[in-house]
Amino acid sequence: MTDRLRDKIVPVTAILLGLVAAWYVFAYVMNAPFQRDLDRRAGETPGFSEFVVKTMTQPKPTLPAPHQVAVNFFENTFLRKVTSNRSLVYHAWVTLSSTLLGFAFGTVLGILIAVGIVHFAALDRSLMPWIIASQTVPILALAPMIIVVLAAIGITGLVPKALISTYLSFFPVAVGMVKGLRSPDIIHLDLMRTYNASKAETFWKLRLPASVPYLFASMKVAIAASLVGAIVGELPTGAVAGIGAKLLSGSYYSQTIDMFSALVAGSLVAVLLVTAVGIVGRIVERAMGGQSA
Amino acid sequence: MSTQRGMNFVATAFQRTLLYLIVILIMLLYPLLEPPYLSGPRWLSVLMLPLLAYIILVLVQRYRRNALPPLEIGVGLFLLAFVPICLASLRGFAGEEAPRNYWTTVAACVLAAWLLNDLLSGAKYRSGWWGNIAKFAVPTIFSLTLLFLWEVLVRALAIPFVLLPPPTAIAQRLANSLPVLMADVNQTIFRSVLIGYALGCAAGFAAAIVADRFVFLRRGLLPIGNMVSALPIIGVAPIMVMWFGFDWQSKAAVVVIMTFFPMLVNTVAGLAASGHMERDLMRTYASGYWQTLVKLRLPAAMPFIFNALKINSTLALIGAIVAEFFGTPVVGMGFRISTEVGRMNVDMVWAEIAVAALAGSVFYGVIALVERAVTFWHPSIRGG
């Protein structure tokens, strides 16, 4: 426990505190010119400490101070009704639902592709370059078109956004699963041969269990990518609902504090999702008889 | 390995039978030399002749109880003969759905391509001169098949242009609007992406060197860096646009932030990659910190650093394009995409995406080539 305290908690906390301090300094530096301008127009000459306080309390600062963001985040998360349009919980839920749907599609698709690649040599050679090339396509650039075009034929709501998440999340799963399904040693594969196991039996009893750790590692990456897809997918719909929409409407009206608290909410969702996948992974591994690390 | 081959043999035999069946079906059901749906130039029917020749050859060989001529030749001839016919007859449909017998030919073409790919990735083409050709031929045939299917399905099923334009229309649009596309590439790739990428990677690298020097800093930064890589950093785009204005500087800033952390985390991991033995050896040579860093630890870290460079190449492109959705001057790939979508010029959007994909692939390819040159000693490259 003391090791953990010394090796991890103390340094991380120290760095985080340093970052917050730097943030305050930057907030002062970036907001000062505008505040000076305001004071000159109003004919005031505040003292230094008064001036610093003023730079931290602007309604639309260039860079909001951390406590401004914290207050805004707290108000919009806990003090508003969950169904309210201004509640961050509501927006986070909208984003979360399309993230999860897209993640589910992406994981299934990735696993199917991986199974195909491992079992058919022709697929390995012809599909793999395409999968890699598919990720050099900036899919997020496609997002507006997918949304608008699908809306043109009457598909709106959750599915178009989820499709973008799917595209982003299938790749890590496919690559990780190919690695995982190929991870059993030759010795183990040979053992299955001596048992006269069929291809299906080898798959279910050896390859699939061996690939589980790889699957969860890549699902962590995939769910983060899925969230990014969902957020960007909300941009072209014209800022209706969701964290992306909140960011866009914030940028329309220069509501920097709102934008920052939306960012905080998005980051929080990301951390929760990745942690959840990690916990599920650990439970599954333990249920399969793995040793806890 | 042997199970793999057995598996392939079964699949191949299955496809082979299917292919023969379809060829026979076409021969029986339709007058071979002039398919009823063919509305292209008549001379195309001549293309059928090599296929006919092959079939006759097979029959003759069979009669004389000799070995069959290589299947690959037959499949290749089949493709040569039927694909142009399929494509040429597309023009005749003119927005209406294709007659039903058209689809047998299309199916036969796709199946033949699949079979050809299967044969080319078989054991016969594993090594040597043919192996090299097959390595490029298999993905190429697959890609061409996809494009062919796309074109045929879109045109023959009369899918609305807005939903999915055929590849030929996209190519045409691309060729016609090269100056516009070049200006967009210049703005987005050569300014936002490259400058931001260089700055972000350099900053991440420098931060990693510093973090590596001070253990306390490394212990604090690494968990934070790992966490940040899961965050939707792209969300800072609107803030950067507010701070740095509409021009490329704001996009470069987004790219810097997106590329910084992957570089930091990977470089720190890479600097820890050299073994104790090697470091001890450097100590026995009485080399100082900097000598050890430059001569041992940085070269050992190169695979990790190139990994980050590769990840960052796609991230940078995405960051720059998405940042343009939040406000740009009237040039740039993201700007073009969002405005042309609004005007329902989907072929222009697809052309822009094709250019972006090409740029991304070239970017990635260049990094991969440099990696091969720099980390020639690494097992993954030595092994071929």
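Residues numbered from 1 in each chain as written. Chains lettered and ligands numbered in written order. Predicted model: local features only at pLDDT ≥ 70, side-chain atom pairs only at ≥ 80, totals over all residues. Heavy atoms only, no water.

Description of the overall build of chain B
Defined as follows: Put simply, DSSP marks the helices as runs of H or I at least four residues long and the strands as runs of E at least two long, and each gets a number from the N terminus on. Values of accessible area rely on a 1.4 Å probe in the Shrake-Rupley scheme; residue burial ignores everything except the protein chains shown.
Broken down by element type, chain B carries 15 helices and 0 strands. Here chain B has roughly 19,200 Å² of accessible surface; of this, 70% comes from carbon and sulfur atoms.

Here's the deal with the overall build of chain A
Stated formally: Here the globule rule is a power law, 2.2 Å times the number of residues to the power 0.38, and the radius of gyration is based on C-alpha atoms. Per-residue accessibility, obtained with a 1.4 Å probe over protein chains only, is compared with the maximum for each type, and a residue is labelled buried under 20%, exposed over 50%, and partly exposed between these values.
The helix and strand inventory of chain A stands at 11 helices and 0 strands. Secondary structure elements of chain A occur, N-terminal to C-terminal, as α-α-α-α-α-α-α-α-α-α-α. In terms of C-alpha radius of gyration, chain A reaches 25 Å, well past the compact-globule figure of 19 Å for 293 residues. For chain A, the C-alpha atoms occupy an extent of roughly 90 × 60 × 35 Å along the three principal directions. Each of the 293 residues in chain A was classed as buried or not, and the buried ones make up 45%. For chain A, the exposed area adds up to about 14,800 Å²; of that, 69% sits on carbon and sulfur atoms.

So, the interface of chain B and chain A
Keep this limit in mind: Between two residues, a contact is recorded if the distance between any of their heavy atoms is within 4.5 Å. Accessible surface is computed with a 1.4 Å probe, and the buried area is the amount of it that two parts give up when combined, taken over both parts together. Salt bridges are defined by distance alone: a side-chain nitrogen of Lys or Arg within 4 Å of a carboxyl oxygen of Asp or Glu. N or O atoms closer than or at 3.5 Å make up a polar contact, with two conditions inside protein: a donor-capable atom paired with an acceptor-capable one, and, for residues adjacent in sequence, both atoms drawn from side chains.
Contact residues are listed per partner, giving 57 residues for chain B and 55 residues for chain A. Here chain B and chain A share an interface that buries about 4,900 Å² over both sides, 81% of which is from carbon and sulfur atoms. Counting across the chain B and chain A interface gives 0 salt bridges. At the junction of chain B and chain A, the tally comes to 0 residue pairs in polar contact (both at pLDDT 80 or more).

Some points on the pattern of salt bridges
Residues and elements named next belong to chain B. Applying the stated rule across the entire model yields 8 salt bridges over all chains. In this structure, R173 engages D347 in a salt bridge whose closest nitrogen and oxygen atoms are separated by 3.2 Å. Taken together, the residues span a long stretch of sequence, with R173 in helix α6 (residues 167-176) and D347 in helix α14 (residues 346-374) at a distance of 174 residues. Given the relative accessible area of 27%, R173 is considered partly exposed. Of the charged contacts, one joins D184 and R336 as a salt bridge, the two residues approaching to 2.8 Å between their closest N and O atoms.

Quick word on the nonpolar core
Residue and element names in this part refer to chain B. Filter applied, for reference: Think of a nonpolar core as a cluster: buried Ala, Val, Leu, Ile, Met, Phe, Trp, Tyr and Cys residues, connected wherever their side-chain atoms sit within 4.5 Å.
One finds L309 and V322 to be the most contacted residues of the largest nonpolar core, which totals 105 residues. A total of 14 residues in this core trace back to one element, the largest contributor, which is helix α12 (residues 289-324). The next biggest cluster of nonpolar side chains, apart from the first, holds 24 residues, and it includes V106, A108, L115 and A156.

Some points on helix α10 (residues 243-252) of chain A
Taken across its 10 residues, α10(A) has 8 buried, putting it largely inside the fold. Along α10(A), the positions that sit buried rather than exposed are I243(A), G244(A), A245(A), K246(A), L247(A), L248(A), G250(A) and S251(A). The inward-facing, buried residues of α10(A) abut α4 (88-119), α9 (199-233) and α11 (256-287) of chain A together with α9 (237-244) of chain B.

As for unusual backbone geometry
Phi is positive for N196(A), close to 60°, though the residue is something other than glycine. Here the phi dihedral of A286(B) falls at roughly 60°; this positive angle occurs in a residue that is not glycine. With respect to the helices and strands, A286(B) occurs in the loop between α11 (276-284) and α12.

Comments concerning the domain arrangement of chain A
Residues and elements named next belong to chain A. Operational definition: Per the annotation, domain bounds derive from an automatic or database assignment of domains. The nonpolar class holds Ala, Val, Leu, Ile, Met, Phe, Trp, Tyr, Cys and Pro. Asp, Glu, Lys and Arg form the charged class, and all remaining residues, Gly among them, are polar.
We note that the domain assignment places domain 1 (2-63) and domain 2 (88-287) within chain A. The centre of domain 1, based on its C-alpha atoms, is set 37 Å off from the matching centre of domain 2. Buried surface at the junction of domain 1 and domain 2, both sides included, amounts to about 420 Å², of which 61% is carbon and sulfur. Interface area lost by domain 1 to domain 2 is led by K60, P61 and L63, which between them contribute 68%. For the interface between domain 1 and domain 2, the tally reads 0 salt bridges. Between the two partners, domain 1 and domain 2, sit 0 residue pairs in polar contact (both at pLDDT 80 or more). For the side of domain 1 that touches domain 2, the residue count by class is 4 nonpolar, 2 polar and 1 charged.

As for the packing of aromatic side chains
The geometry of two aromatic rings is summed up by the distance between their centres and the angle between their planes. Residues and elements named next belong to chain B. Heads up, the rule is: A pair of Phe, Tyr and Trp rings is counted when the ring centres sit within 6.5 Å of each other, with Trp represented by its six-membered ring. The angle between the planes then sorts it: under 30 degrees is stacked, over 60 is edge-to-face, the rest tilted.
Summed over the entire model, instances satisfying the criterion amount to 7 aromatic pairs over all chains. Ring centres of Y197 and F363 lie 4.9 Å apart, and the angle between their planes is 65°; on these two criteria the pair is classed as edge-to-face. With Y197 in helix α7 (residues 178-213) and F363 in helix α14, the pair connects residues that are 166 residues apart, well separated along the chain. No difference in accessibility class separates Y197 from F363, as the two residues are buried.

Digging into the environment of N312(B)
Residue and element names in this part refer to chain B. Inspection of the secondary structure puts N312 in helix α12. By relative accessible area, which is 0% here, N312 ends up buried. For the pair N312 and Y197, spaced 115 residues apart in sequence, the C-alpha separation works out to 7.5 Å. Non-local contacts of N312, meaning those with residues more than four positions away in its chain, are made with Y197, C201, M258, T259, P262 and M263.

Brief notes about a nonpolar patch on the surface
Residue and element names in this part refer to chain A. Using the following cut-off: Patches were defined on residues exceeding 30% relative accessible area and lacking a salt bridge, with like-charge contacts within 9 Å and nonpolar side-chain contacts (Val, Leu, Ile, Met, Phe, Trp, Tyr) within 5 Å.
A cluster of nonpolar side chains, F105, I153, I155, L158, V159 and L163, forms an exposed patch at the surface whose accessible area comes to about 460 Å². Considering every element that reaches the nonpolar patch, the biggest residue donor is helix α7 (residues 158-181), with 3 residues. Relative to the assigned elements, I153 resides in the loop between α6 (139-152) and α7. Looking at I153, the relative accessible area reads 45%, which means it is partly exposed.

Some remarks on the side chain of D347(B)
All names here are of chain B. Take D347: its relative accessible area is 10%, and that puts it in the buried class. A distance of 3.2 Å separates a polar atom in the side chain of D347 from a polar atom in the side chain of R173. When neighbours within four sequence positions are excluded, D347 is seen to be in contact with F161, P165, I170 and R173.

Observations regarding the packing of α4(A) against α9(A)
Residue and element names in this part refer to chain A. The following threshold applies: Lines are fitted to the C-alpha atoms to define the axes, a helix being fitted only along its stretch in contact, and any angle between axes, read from their N-to-C directions, falls within 0 to 180 degrees. In this scheme the handedness of a crossing depends on how the near helix is turned from the far one: anticlockwise by less than a right angle means left-handed, clockwise means right-handed.
The geometry of α4 relative to α9 is characterised by a closest axis approach of 8 Å and an angle of 145° between their N-to-C directions. The two elements α4 and α9 cross, and the hand of that crossing is right-handed. Residues T95, S98, T99, L100, G102, F103, T107, I111, V115, V118 and H119 of α4 touch α9, and the partners they reach there are K199, F203, R207, L215, M219, A222, I223, S226, L227, A230 and I231. For the contact of α4 with α9, the per-class residue count stands at 13 nonpolar, 7 polar and 2 charged.

As for the confidence of the model for chain B
Residues and elements named next belong to chain B. Put simply, the rule is: Confidence of the predictor at the level of single residues is captured by pLDDT, which takes values from 0 to 100.
When pLDDT is averaged along chain B, the result is 77, and 76% of the positions lie at 70 or above. With pLDDT under 50 throughout, residues 1-11 is counted as low confidence; its partners more than four residues away or in other chains account for 12 contacts. Every residue in residues 30-34 scores below 50 in pLDDT, and together they form 11 contacts with partners more than four places removed in sequence or on other chains. Our summary of model confidence lists the complex with pTM equal to 0.76 and ipTM equal to 0.76.

Topic: the confidence of the model for chain A
Per-residue confidence for chain A gives a mean pLDDT of 81, with 91% of residues at or over 70. Between the elements of chain A, mean pLDDT differs from a low of 71, seen in helix α5 (residues 121-136) of chain A, to a high of 89, seen in helix α8 (residues 186-194) of chain A.

Examining the environment of G220(B)
Inspection of the secondary structure assignment puts G220(B) in helix α8 (residues 215-228). Residue class for G220(B) comes out buried when judged on its relative accessible area of 0%. Each C-alpha atom of the pair G220(B) and R283(B) lies 28 Å from the other, and the pair is 63 residues apart in sequence. Setting aside anything within four residues of it in sequence, one finds G220(B) in contact with P11(A), V12(A) and I15(A).

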